[in-house]
Amino acid sequence: MKIGKKMARDTALLTLMQLGLDTAALLLSSFIARRLGASATGILSLIGSFLGLAGILSSGNAFLCTSRLISEEIGRRNGCPERVLRHGICLCLCLSTAVSLALELLAPAISRTFFSGAGMTFAVKIMPAALVTGAVSACLKGYFNAVRKAGIAALGDVAEFLLRAGMIVSMSLGSTSHTESSVCRILIFAVIVGNAGSLIFLGTAYLLRERPPHGRGELSFSGYARLAFPIMGGGVLTAVLSSTNDALVPVCLRQYGDSVEEALGLFGIFEAIVIPTLFFPSVVLCSVSGIVVSESARASGAGNKRRILSLTDRLLTVTLAYAIMAAAVLMRFGGFIGQLLGGGETAGRMIALIAPVVPFIYMEIILEALIKGMGEQGFSSLNYLAEYVIRISVVLILVPRIGFWGIAASYYTSNVFGNIMRLRKVLRTSGAGLHIIRRALLPAVYAFLIMGSLEPAFGIMGLDDRSLPGAVIFIVLWVLGYGAAFCCLDKIKTDSRPIRGLVVQDDQISI
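Computed from a predicted structure; not experimentally measured.

(A) Structural context of the overall build of the protein chain. Each helix and strand counted, the protein chain has 18 helices and 3 strands in total. Per-residue burial over the protein chain gives 53% buried out of 511 residues. At a minimum sequence separation of 6, the contacts of the protein chain that also span at least 24 residues come to 81%. Here the protein chain has roughly 21800 Å² of accessible surface; of this, 66% comes from carbon and sulfur atoms.

Have a look at this one:
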């Protein structure tokens, strides 16, 4: 069974859109770091983490819930995806109303404990304006992803980002002071405008959509909630643990001996420069992950184990090959990229240091999509809990002793452990093989052999790969050579593995 042309087309479209968004996001982070300063960037990162936690609590991880449950509904006879969408929106409205009331009542306490003082109370009180619109938008994005209109969901993301970025830039240029309170207001007003614009676009697209015939559906609101709560639990748990980790990093940096401004500055560099750079090449995988959730959920709902095996086998091979090449590029040019984006030598060294763990980080994107599509939310939540316990423990132990570099250690230990567990679970559930030599060792050999052949060639031609044009040419030739190695040697292929009289080869199933 081949991965459908529709899936490939959606992946290409989403990749192009996400590539533009990620590029713009990196430029925006660079602008913020240069305009507002590193410490203000750290404040923005902390506020963004808290706002993200509030958003998850108010939407209940709505995109994943609606995408997966609507996909399963489509896979059933007499299914009604619109009915499931209505249940999702109703549940999100209930959750966002409750979270909004809690923020209004607890704003003074939150501003004193999570932030620096009572001056943040007003900023916390206006957060609910961003929550309701964000929750409903997430439901609509999940619907369009499930019905294979992922391009519409992506356009909603584009509209949201452009409005949010425009507000941040215009308000930053017009602001004369960059206190915690003023920076927080900039971000929250930008999120409010972005969410509202996305909701208007997605709502209009939903009303104008084609209405294909469907059944009456049997899923009740209580049934939807019963299915959604385990999915929500994983998202909420991850958001809580991530926010806790983010809040602890500046505290531990201060224990190491950094001042408040230095701690926020280092945290801002890490969150605004290092992490976006490490994740930038994952644009292809992020684009396909939402589709993978939908496709694997459909296959799971229909009991099609052959489709799950075929998807898993192909995705593991391509993901590791791509991730290893991305890691090699980041190791080679991390220092140059960090300085180019305004993070200085510190950001460059951190990018190059964490780059070897990039294959594990990128595997998580696809493995989580497969795990959630196959309905293994319980495992996902427990694994995230264990992963963040390790990450937070390493932060608490090492950052006060070795400073900024303890963050790198926390990423290494948590990502290696968590993604080995995910890979083990996916291989067991799908029946796919590991094949570590073909999937990991050979791509690494290809990447470094091609790099080794390019370096002397650049020296002979007198090109300087430490300049921006030279680095771009080097990377392009490196990636093209790497891709050609796989095409010529025909190494990217799926396993041949018998299952009950069937053989799966190159995504084809034969008896």
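(B) Structural view of the nonpolar core. Residues F270, V274, W478 and Y482 are the most contacted members of the largest nonpolar core, which totals 135 residues. The element best represented in this core is helix α12 (residues 305–340), accounting for 17 residues. Discounting residues that sit within four places of it in the chain, Y482 has contacts with A321, I324, M325, P443, Y446, A447 and I450.

(C) Spatial organisation of the environment of A352. Along the chain, A352 falls in helix α13 (residues 344–354). Classification of A352 as partly exposed rests on a relative accessible area of 26%. Note: C-alpha distance between A352 and F336 (16 residues apart in sequence) is 9.6 Å. Contacts of A352, omitting those with residues within four sequence positions, involve L330, M331 and G334.

(D) Seen up close, unusual backbone geometry. Located in the positive-phi region is H435, a residue other than glycine, with phi close to 50°. Position of H435 relative to the elements: it lies in the loop between α16 (405–430) and α17 (436–461). Exposure remark for H435: the relative accessible area of 39% places this residue in the partly exposed category.

(E) Here's a closer look at the packing of helix α14 (residues 358–373) against α16. Close contact between α14 and α16 brings their axes to 9 Å; oriented N to C, the two are set at 40°. In terms of crossing hand, the pair formed by α14 and α16 is left-handed. Here α14 contributes F360, I361, M363, E364, L367, E368, L370 and I371 to the contact with α16, which in turn contributes N415, V416, N419, I420, R422, L423 and V426. Looking at the contact of α14 with α16 residue by residue, the classes come out as 10 nonpolar, 2 polar and 3 charged.

(F) View of the side chain of N61. Following the sequence through the fold, N61 ends up in the loop between α2 (38–59) and α3 (62–75). With residues near it in sequence (within four places) discarded, N61 still touches I56, I231, M232 and G235.

(G) Main features of the environment of T121. Mapped onto the fold, T121 is located in helix α5 (residues 121–125). The exposure class assigned to T121 is buried, which follows from its relative accessible area of 16%. Sequence separation of T121 and S111 is 10 residues, and the distance between their C-alpha atoms is 5.5 Å. Setting aside its immediate chain neighbours within four residues, T121 contacts A107, P108 and S111.

(H) Up close: the pattern of salt bridges. For the coordinates displayed, the defined rule picks out 12 salt bridges. Linking D157 and K141 is a salt bridge whose minimum nitrogen-to-oxygen distance equals 2.7 Å. Highlighted residues: D157 in helix α7 (residues 150–174) and K141 in helix α6 (residues 128–146), separated in sequence by 16 residues. By relative accessible area, which is 11% here, K141 ends up buried. Measuring nitrogen to oxygen at the nearest pair gives 2.8 Å for the salt bridge that ties E387 to R422. Linking E387 in helix α15 (residues 377–402) with R422 in helix α16, this pair joins segments that are 35 residues apart in sequence. Neither residue differs from the other here; E387 and R422 are each classed as buried. What emerges from the salt-bridge pattern is a single network uniting E364, E368, K372, E387, R391 and R422.

Basis of the calculations
- Residues numbered from 1 in each chain as written.
- Predicted model: local features only at pLDDT ≥ 70, side-chain atom pairs only at ≥ 80, totals over all residues.
- Heavy atoms only, no water.
- Helix = DSSP H or I, 4+ residues; strand = E, 2+ residues; numbered from the N terminus.
- Buried < 20%, exposed > 50% of the residue type's maximum accessible area, 1.4 Å probe, protein only.
- Contact = heavy atoms within 4.5 Å.
- Areas by Shrake-Rupley, 256 points an atom, 1.4 Å probe, with all protein chains shown as cover.
- Core = buried A, V, L, I, M, F, W, Y, C linked by side-chain atoms within 4.5 Å.
- Axes fitted to C-alpha atoms, helices over the stretch in contact; angles between N-to-C directions.
- Left-handed = near helix turned anticlockwise from the far one by under 90°.
- Nonpolar A, V, L, I, M, F, W, Y, C, P; charged D, E, K, R; others polar.
- Salt bridge = Lys/Arg side-chain N within 4 Å of Asp/Glu carboxyl O.

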